[in-house]
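# Close look at the chain arrangement
What follows is the residue order along each chain.
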Amino acid sequence: MAEIKKYTFAEVKTRNGRGKNPVWIVYKDSIYDVTSYIPEHPAGDVILEEAGQDATKAFDDSGHSKSTYKMLEQYKIGEIVDAERKYDANGKKIKRVIEAKPEEGNRKSCMNIITCGLLG
Ligand code: HEM
């Protein structure tokens, strides 16, 4: 089987349907080239509003039927690079924990002089 092509979100962003660019959308880290489908879309050009970006929420919020989710698969052309993935293998959103920097001494943990003065 051919290897799946991987793209960054920045690369996907240029495929936004403007000029001669194709229309790519991202659904749960998979990338779909839906350029040829747009004229057939029952809700018309709304897809263009999501072109070149993560359309997961818009797609889910549009009441698409089960068969439409299956249909999407035929347009798949790649996936988001591992480092930028937003969903795990089960399609669940990955929660990234942003590590807080340790404070350098007590003085810096005071948000401002007035608060520190009041709290002591
Ligand atoms: C990503 C952005 C998209 C948005 C915001 C969107 C929005 C919508 C909306 C609002 C409807 C309802 C139309 C109505 O009831 O009159 C609809 C229907 C539909 N859309 Fe989309 N759509 C998107 C992408 C797609 C894609 C990529 C496909 C196919 C590959 C698709 C296939 C369909 C189909 C077949 C229907 C008819 C209802 C159904 O059976 O699900 N849409 N869409």
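Residues numbered from 1 in each chain as written. Predicted model: local features only at pLDDT ≥ 70, side-chain atom pairs only at ≥ 80, totals over all residues. Heavy atoms only, no water.

For the chain, the Sequence similarities (unreviewed entry) comment in UniProt is given as "Belongs to the cytochrome b5 family." (UniProt positions renumbered as here; feature names shortened; annotations may be inferred.)

Our next topic: the site of the ligand. Taken together, 18 residues lie around the ligand, and Tyr37, His41, His64, Ser65 and Thr68 are the ones closest in. Contacts to the ligand include Ser65, whose side-chain N or O atom sits 2.7 Å from an oxygen atom. One nitrogen or oxygen atom from the side chain of Thr68 is found 2.7 Å from an oxygen atom belonging to the ligand. If you map the ligand onto the pockets, it falls in the largest pocket. In terms of residues, the shell around the ligand owes the most to one element, helix H3 (residues 66–72), which gives 3 residues. (Near = heavy atom within 4 Å. Polar contact = N/O pair within 3.5 Å; in protein donor to acceptor, adjacent residues only side chain to side chain. 1 Å grid on protein atoms, 1.4 Å probe; cavity = no way out; pocket = protein on both sides within 12 Å on 5 of 7 lines; lining within 4 Å. Sits in = over half its atoms within 2 Å of the grid points. Helix = DSSP H or I, 4+ residues; strand = E, 2+ residues; numbered from the N terminus.)

This part covers the pattern of salt bridges. Between side chains of opposite charge, a pair can form as their charged atoms come close. All told, the structure shown has 7 salt bridges when counted by the stated rule. One salt bridge connects Arg85 with Asp29, and the closest N-O pair in it is separated by 3.8 Å. Linking Arg85 in the loop between strand E4 (76–80) and helix H4 (113–119) with Asp29 in the loop between strand E2 (24–27) and strand E3 (30–33), this pair joins segments that are 56 residues apart in sequence. Of the charged contacts, one joins Glu79 and Lys76 as a salt bridge, the two residues approaching to 2.9 Å between their closest N and O atoms. Under the relative-accessibility criterion, Glu79 is labelled buried at 13%. Within this structure, Lys6, Asp29, Lys76, Glu79, Asp82 and Arg85 form a network of salt bridges that share partners. (Salt bridge = Lys/Arg side-chain N within 4 Å of Asp/Glu carboxyl O. Buried < 20%, exposed > 50% of the residue type's maximum accessible area, 1.4 Å probe, protein only.)

The next point concerns the layout of surface pockets. Considering only enclosed or pocket space, the largest pocket measures out at about 340 Å³ in volume. In terms of lining, the largest pocket is formed by 19 residues, of which the most central are His41, Val46, Ile47, Phe59 and His64. Breaking the lining of the largest pocket down by element, the ones donating at least two residues are helix H2 (56–60) and H3. A total of 3 residues in the lining of the largest pocket trace back to one element, the largest contributor, which is H3. (Points joined across faces, edges and corners; volume = space filled by probe spheres on them.)

Within the chain, Lys28 stands out as a residue other than glycine whose phi angle is a positive 45°. Tracing the backbone shows Lys28 in the loop between E2 and E3. In this structure, Asp29 takes a positive phi of about 70° despite not being glycine.

As a further point, take the pairing of E4. In this sheet, E4 lies alongside strand E1 (residues 6–7) in parallel orientation, the contact comprising 2 bridges. The partner of Tyr7 across the bridge, within E4, is Ile80. When E3 meets E4, the two strands line up antiparallel, connected through 3 bridges. Paired with Tyr32 across the two strands is Lys76, which belongs to E4. (Pairing = 2+ DSSP bridges.)

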